[in-house]
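# Tertiary structure, described
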Amino acid sequence: MAETQENLPAPDPVLHEDRLDFTPTARSVSLSRRRTARLVREWGYPDLAGDAALLVSELATNALLHGAIRGRLFRVHLTLTSTTLRIAVSDPRGERLPGLRAAGDDECYGRGLLIVARIADHWGVEPRTVGKTVFAELALRRKPDMPMGPHELRAGPSHTATPR
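Note on numbering: residues in each chain are counted from 1, in written sequence order. Residue-level local features of this predicted model are given only where pLDDT is at least 70; pairs of side-chain atoms are given and counted only at 80 or more, and the full residue set underlies all totals for whole chains, interfaces and linings. Note that the side-chain values use all heavy atoms of the structure and ignore hydrogens as well as water.

### Focus on the pattern of salt bridges
- Salt bridges are counted wherever a side-chain nitrogen of Lys or Arg sits within 4 Å of a carboxyl oxygen of Asp or Glu. Under the defined criterion, the tally for this structure stands at seven salt bridges.
- Between E17 and R19 there is a salt bridge, with the nearest N and O atoms lying 3.4 Å from each other.
- Across the salt bridge formed by R75 and D21, the nearest N and O atoms sit 2.7 Å from each other. Placement of the pair is R75 in strand β2 (residues 74-81) and D21 in strand β1 (residues 14-22), with a sequence separation of 54 residues.
- Relative accessibility thresholds used throughout: buried, under 20% of the residue-type maximum; exposed, over 50%; partly exposed, between the two (1.4 Å probe, protein chains only). Take R75: its relative accessible area is 29%, and that puts it in the partly exposed class. Runs of H or I in DSSP of at least four residues are treated as helices and runs of E of at least two as strands, each being numbered from the N terminus.

Set out below in structure tokens:
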């Protein structure tokens with residue numbers, strides 16, 4: 001039975017949001033990593049700053065290596081709700097979809113999405129009119145003073161597009 005609009009849960013309101021476009025250079029990866037760590041700390045989640053920085057670094061590196069087009073920017077979009085920190089990186093190459101793969105011991109590259117899948121509670125790919133967005137979500141852990149209640153974590157890839 002399909003859910004109707006009336007049956008869908010209300011979206012979790014956005015508490016903080018940051019969106020910035022970067023030039024496709026290695027320097028932009030380190031800038032986006034530092035910016036993410038700083039913002040997540042400022043937003044009150046210093047314990048997630050390291051994981052968030054690593055996730056944005058892996059996603060931004062993939063955008064640089066596999067999604068860059070000369071003269072086009074990539075975007076890092078952070079969204080914090082009461083339950084989730086979402087890290088989304090968009091690039092202009094929609095035809096080059098990411099996929100998990102086993103990298104050989106002698107390969108320097110190929111482990112980024114494995115790292116993302118291990119750290120993130122949920123990740124996936126969303127097509128865009130031009131390009132794609134690869135996202136990773138971290139569930140916000142309850143602080144000691146937060147009320148207990150049902151909590152569901154979903155792990156693993158969630159693709160809305162077919163990987164290559």
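### A word on the environment of L114
- Structurally, the position occupied by L114 is in helix α3 (residues 112-119).
- Classification of L114 as partly exposed rests on a relative accessible area of 36%.
- With 56 residues separating them along the chain, L114 and E58 place their C-alpha atoms 9.8 Å apart.

### Notes on the packing of helix α2 (residues 49-66) against α3
- Only the stretch in contact is used when a helix axis is fitted, and all axes are lines through C-alpha atoms; the angle between N-to-C directions ranges over 0 to 180 degrees. One way to put it is that α2 packs onto α3 with a least axis distance of 9 Å and a crossing angle of 150°. When the axis of α2 is compared with that of α3, the two are roughly antiparallel. In this structure, the crossing between α2 and α3 has a hand that is left-handed. Only G112, L113, I115, V116 and I119 of α3 make contact with α2, whose side of the interface consists of D51, L54, L55, E58, L59 and N62. The cut-offs work like this: below 35 degrees is roughly parallel, past 145 is roughly antiparallel, 65 to 115 is roughly perpendicular, and the gaps in between are oblique. Crossing handedness follows the turn of the near helix against the far one: under a right angle anticlockwise gives a left-handed crossing, and clockwise gives a right-handed one. Residue contacts are defined here by distance: any two heavy atoms, one from each residue, within 4.5 Å place the two residues in contact.

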